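Here's the letter readout for the chains.
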Amino acid sequence: MTTRPYNVADVMTKKVVAVAPGAGFKEIVEAMARWKVTALPVLEKDHRVIGVVSEADLLPKEEFHERGPGLIEQMHRLGDTGKAGSLCAGDLMTSPAVTVSPDTLLPQAARLMATHRIKRLPVVDMGVLAGIVSRSDLLKVFLRPDSELADDIRHQVIERLFPLQSAHARVEVTDGVVTLSGEVHDGTLIPVAARLAQAVEGVVDVRCELTVAESA
């Protein structure tokens, strides 16, 4: 049973493929193809992250392969046109890298990805690379079994909010969708129960059908 919110350490990939600043263009492409990744952290010798090189950083090489960038393109796409002529990770990478710590909560990591329009984040602990978290990693919480979600909600929500009436409140979960039903005495706590159930990691949606007992 989960008693705390999931954080990045719970879902991140600990085995990380990375490159040094001196890694060549072809070496980077080969590493991405071999390990089926779209971006690689760039590390100093002490394993500190100094940047990330992604497919987007490499594409200008192909875009301007047959013709060099025009004057207007050079003015408006200075970064891309510069990368078109770069040969190593240190010149190709995006720096500084957007990173998270292992204790970053999953919603915070998701917001960072959305804000910066990136697909993965290096996970840094005390300045040193500890793992990497991707969009697909953040979705792992939705793989939690329905029975596990139901147990969490019964113990963390129903029994805490309605300790004397928990036997009269039912929790059913189907494909991550929670249905709360039954009768409780305190109607003011019904919307609170719905919000807390929605906050349980892995819950897709909540249908609250709790009602106030007539004798309340």
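In short, a report on the structure. (Residues numbered from 1 in each chain as written. Predicted model: local features only at pLDDT ≥ 70, side-chain atom pairs only at ≥ 80, totals over all residues. Heavy atoms only, no water.)

1. Topic: the packing of helix α9 (residues 146-161) against helix α10 (residues 190-199)
Running from amino to carboxyl end, α9 crosses α10 at an angle of 160°, the nearest separation of the two axes being 10 Å. Looking at the two axes, α9 sits roughly antiparallel to α10. Seen from above, α9 lies across α10 with right-handed handedness. The residues of α10 that touch α9, namely those facing Ile153, Val157 and Leu161, are Val192, Ala193, Leu196 and Ala197. Looking at the contact of α9 with α10 residue by residue, the class counts come to seven nonpolar, no polar and no charged. (Axes fitted to C-alpha atoms, helices over the stretch in contact; angles between N-to-C directions. Helix = DSSP H or I, 4+ residues; strand = E, 2+ residues; numbered from the N terminus. Parallel < 35°, antiparallel > 145°, perpendicular 65-115°, else oblique. Left-handed = near helix turned anticlockwise from the far one by under 90°. Contact = heavy atoms within 4.5 Å. Nonpolar A, V, L, I, M, F, W, Y, C, P; charged D, E, K, R; others polar.)

2. Some points on unusual backbone geometry
That bond from Ser95 to Pro96 is cis: its omega, 0°, falls within 30 degrees of zero. In this structure, Pro96 sits in the loop between α6 (89-92) and α7 (106-116). In this structure, Lys36 is a non-glycine residue whose phi angle is positive, near 55°. For Lys36, a relative accessible area of 75% corresponds to the exposed category. Phi at Met126 is positive, roughly 55°, even though this residue is not glycine. Along the chain, the position of Met126 falls in the loop between β3 (120-125) and β4 (128-134). (Buried < 20%, exposed > 50% of the residue type's maximum accessible area, 1.4 Å probe, protein only.)

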